[in-house]
Amino acid sequence: MTEGSGRLELDQPTIQALLEAFDQSDWLEMTVSIGTDRLHVSRRVPGEKAPEATPVPEPTVPGPTVPEVVHAPPAHTTPQPLTGTIVESPSVGLFWRSPAPGAPPFVEAGTHVAAGDTLAIVEVMKLMNHVVAAAPGTVQAVLAENGARVEYGQPLFTIDPEA
């Protein structure tokens, strides 16, 4: 997006990136509006209506029963404040602990890291943003699940700085 004459607008590289993201997704439609600019892309044939949801009938043969799990909070617990250096997500995206599926994670709790070491990756529209340690220390905790959607500024790691 470019900022020309004080307003944001959809420019050619942004449109191309949005179309590539749409191409690689399973979305049926996408609409992006920025300022007065609007981009709408659809996989549907013009005039085709969105499919209506059809109700799924109840099974006539009872299946296996699933035990009910009740999660009761432990009595008198208060959330512990995060200690050490907190490493936050640089953007909204998907959190990946390893460089590739099946590869070992960059770090685990207890791993000693140097400043600049990669801790994880946050993927945004097929762009991989490395999350790095700002200072040396030992990883105390990994606060996000592999493959989870994370928000900008969300705590991802705590690191105990070197003394």
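Note that this is a predicted model, so its numbers are computed, not measured.

Student: I'm lost on the overall build of the protein chain in this one. Help?
Tutor: Counting its regular elements, the protein chain contains 1 helix and 12 strands. Mapped in sequence order, the helices and strands of the protein chain form the string β-β-α-β-β-β-β-β-β-β-β-β-β. By the burial criterion, 21% of the 163 residues in the protein chain qualify as buried. The long-range share in the protein chain, meaning contacts at least 24 apart out of those at least 6 apart in sequence, stands at 53%. Of the roughly 11,900 Å² of accessible surface on the protein chain, 58% is carried by carbon and sulfur atoms.

Student: Help me understand the nonpolar core, please; the structure alone is not making it clear to me.
Tutor: A general feature of soluble globular proteins is that nonpolar side chains tend to end up buried together. The biggest cluster of nonpolar side chains holds 15 residues, and the ones touching the most others in it are F95, V113, L119, L156, F157 and I159. Elements with a minimum of two residues in this core: β8 (118-124) and β12 (155-161). Each residue touching F157, except ones within four places of it in the same chain, is listed here: T85, I86, V87, F95, V107, L119, A120, V139, A141, V142 and L143. Judged by nonpolar contacts, the second largest core, of 8 residues, contains F22, M30, I34 and L39.

Student: I would appreciate a short explanation of the sheet that holds β8 in the present structure.
Tutor: By way of backbone hydrogen bonds, the strands of a sheet pair with one another, either parallel or antiparallel. Ordered in space as β9-β8-β6-β11, the 4 strands form an open sheet in which the pairing is antiparallel. Strand pairing shows two members of the sheet lacking a second neighbour, β9 (127-132) and β11 (149-150), which therefore form its edges. Strand direction decides the pairing type here: strand β6 (residues 93-96) and β8, joined by 3 bridges, are antiparallel. The partner of W96 across the bridge, within β8, is I121.

Conventions used here
Residues numbered from 1 in each chain as written. Predicted model: local features only at pLDDT ≥ 70, side-chain atom pairs only at ≥ 80, totals over all residues. Heavy atoms only, no water. Helix = DSSP H or I, 4+ residues; strand = E, 2+ residues; numbered from the N terminus. Buried < 20%, exposed > 50% of the residue type's maximum accessible area, 1.4 Å probe, protein only. Contact = heavy atoms within 4.5 Å. Areas by Shrake-Rupley, 256 points an atom, 1.4 Å probe, with all protein chains shown as cover. Core = buried A, V, L, I, M, F, W, Y, C linked by side-chain atoms within 4.5 Å. Pairing = 2+ DSSP bridges.

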